[in-house]
Amino acid sequence: MASTRFRFTALILLVSISGFTQGMLLPLIAVILEQNGVSSSINGLHATGLYIGVLLASPFMEKPLQRIGFKPMILLGGALVFVSMAFFPFWESLWFWFILRVTIGIGDHMLHFGTQTWITTTSPEERRGRNIALYGLFFGAGFAIGPLMTRLVDIHIALPFLLSAGFSVIVWSLMLFVRNQYPEDDGGYTSSSSSFSRFFQAGKLAWVAFLPPFGYGFLEATLHGNFPVYGMRIGHEVSILSLIIPMFAVGSILSQLPLGILSDKIGRKNVLIGVILAGIVCFFLATIFEDSVAWLFALFTLSGIFVGSIFSLGISYMTDILPKSLLPAGNIMCGIAFSIGSIIGPYTGGVFIDFFPGASFFHIITTMLILILIPISLKKEAPLASTQ
């Protein structure tokens, strides 16, 4: 039992460092490129590097995990992240930084896929929502702290990158004391079976559960990659923006665990519909009050409370629907959906800012939330995985 607790603690601490790295990297590089005169559309396109890395790695994750187990996958992914972070200060080049972002995306996905699948496959059904909510909570906590590192660039451009790499190494070393395990096989996996066929099966059964991770990826990447640019253009200071942006993650920290526990009691779909509706209202109000710092603080916090948990709720929903043999494929599909949203978000937001300077940036977010709410609302409840 003690070793199980230590493993869970190590996994969620790793996820918090991953959140910290992502939360820092998006606004930090967006601000540096904006100050260097890079257009917002190119800035947004550059932000997709992290998620392109996730997509590149996704088809090749499942079988290596079956062969080597969770621990080596997580260790290798973590190493790619902190080594890449340490290389950022060496050469300030658009293409070099893009390659590093892609590499971080690959390492981050290895880390997330390993930790996420380990937690979802070993959590008892009655505590699944709680455990995955803790996973989301610690990621959100790291994400909330990350943007604060943007201020350190005024001291030295290398400082935030090196600090992130150092924190990553410290937490990564905890995994050296965790015993390796392998994914469960209930007969649905064979060495000759196709990963793509299992992706298809997972998508057919649980497609609606992949919409919240897609929406969260879109939301997270646009708020961190585009909003700093938009905020600066409508007159807000970088120092203020670096405090406003983390409020979304702060809000998600406040609600992750309560919403996870609530979803265990009344169902993931009901909770998802409620929080997405509330998120739509928050971002619509943001289109009206975007010039007010006080309103932005309040609305970023409230939107985080409501929609800051849709990624972890989507994972829990997926885990309810799929049999255990398809959970590795389902977790990969959640990562792919998140990455597609994260790639579409910053580029769409950047183009919108360039071509519609008089329109509010937040219209993009409200539209996306409405589009994912409709199919979730119309989807009939699926049977629990445990009954399959």
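Residues numbered from 1 in each chain as written. Predicted model: local features only at pLDDT ≥ 70, side-chain atom pairs only at ≥ 80, totals over all residues. Heavy atoms only, no water.

### Some words on the overall build of the chain
- Scanning the chain from terminus to terminus reveals 18 helices and zero strands.
- For the chain, the C-alpha radius of gyration of 20 Å lies close to 21 Å, the compact-globule estimate for 388 residues.
- With respect to the three principal axes, the spread of C-alpha positions in the chain is 60 × 45 × 35 Å.
- Across the chain, 20 positive and 18 negative side-chain charges occur, with their mean positions spaced 11 Å apart. (Helix = DSSP H or I, 4+ residues; strand = E, 2+ residues; numbered from the N terminus. Rg over C-alpha atoms; globule rule 2.2 N^0.38 Å. Lys, Arg positive; Asp, Glu negative; His and termini not counted. Charge placed at Lys NZ, Arg CZ, Asp CG, Glu CD.)

### Quick look at the pattern of salt bridges
- On inspection of all chains with the given rule, the structure shows three salt bridges.
- When salt bridges that share partners are traced, they join Asp 264, Arg 268 and Asp 320 into one network. (Salt bridge = Lys/Arg side-chain N within 4 Å of Asp/Glu carboxyl O.)

### Overview of the packing of aromatic side chains
- A full pass over the atoms with the stated rule returns 22 aromatic pairs.
- Measuring from ring centre to ring centre gives 5.6 Å for Phe 88 and Trp 97, while their planes differ by 65°; the resulting arrangement is edge-to-face. This pair shows no difference in class: Phe 88 is buried, exactly as Trp 97 is.
- With 6.2 Å between their ring centres and 85° between their planes, Phe 300 and Phe 362 make a pair best called edge-to-face. Here Phe 300 is found in helix α15 (residues 293-307), whereas its partner Phe 362 is found in helix α18 (residues 362-378), with 62 residues between them in sequence. Comparing Phe 300 with Phe 362, the two get one shared label, buried.
- Every member of this aromatic cluster is reached through a ring pair, and the members are Phe 227, Tyr 230, Phe 283, Phe 300, Phe 361 and Phe 362. (Phe/Tyr/Trp six-rings, centres within 6.5 Å; stacked < 30°, edge-to-face > 60°. Buried < 20%, exposed > 50% of the residue type's maximum accessible area, 1.4 Å probe, protein only.)

### Topic: the packing of helix α2 (residues 40-47) against helix α6 (residues 94-122)
- Between α2 and α6, the least distance of the axes is 9 Å, while the angle of their chain directions is 35°. Across the interface between the two elements, Ile 42, Leu 45, His 46 and Ala 47 of α2 pack against Leu 94, Trp 97, Phe 98 and Arg 101 of α6.
- The residue makeup of the contact of α2 with α6, split by class, is six nonpolar, one polar and one charged. (Axes fitted to C-alpha atoms, helices over the stretch in contact; angles between N-to-C directions. Contact = heavy atoms within 4.5 Å. Nonpolar A, V, L, I, M, F, W, Y, C, P; charged D, E, K, R; others polar.)

### What to know about the confidence of the model for the chain
- Averaged over every residue, the pLDDT of the chain is 85; the share at 70 or more is 94%.
- The low-confidence segment residues 188-193 (pLDDT under 50) makes eleven contacts with residues lying over four places distant or belonging to another chain.
- For the stretch residues 383-388, pLDDT sits under 50, and the model shows 14 contacts to residues farther than four places along the chain or on other chains. (pLDDT = per-residue confidence, 0-100.)

### Notes on helix α16 (residues 310-321)
- Across its twelve residues, α16 extends 16 Å between first and last C-alpha, which sits within 8% of the 16 Å expected from 1.5 Å per residue.
- For α16, the buried fraction is high: twelve of the twelve residues fall into the buried class.
- Buried within α16 are the following residues: Ile 310, Phe 311, Ser 312, Leu 313, Gly 314, Ile 315, Ser 316, Tyr 317, Met 318, Thr 319, Asp 320 and Ile 321. (Expected span 1.5 Å × (residues − 1).)

### So, the nonpolar core
- If you look at the biggest cluster of nonpolar residues, it comprises 115 residues, and the most contacted ones within it are Phe 227 and Phe 362.
- Top contributing element to this core by residue count: helix α1 (residues 2-35), with 15 residues.
- Apart from residues lying up to four places away in sequence, Phe 227 is in contact with Thr 222, Leu 241, Ile 244, Ile 245, Leu 296, Phe 300, Phe 361 and Phe 362. (Core = buried A, V, L, I, M, F, W, Y, C linked by side-chain atoms within 4.5 Å.)

### Here we look at the side chain of Asn 43
- With respect to the helices and strands, the residue Asn 43 is situated in helix α2.
- One polar contact links the side chain of Asn 43 to the main-chain carbonyl oxygen of Ala 30, over a distance of 3.0 Å. (Polar contact = N/O pair within 3.5 Å; in protein donor to acceptor, adjacent residues only side chain to side chain.)

### Re α6
- Taking 1.5 Å as the rise per residue, α6 with 29 residues should run 42 Å; its terminal C-alpha atoms sit 42 Å apart, in good agreement.
- Of all the 29 residues making up α6, 23 are buried; the element is thus mostly covered by neighbouring parts of the structure.

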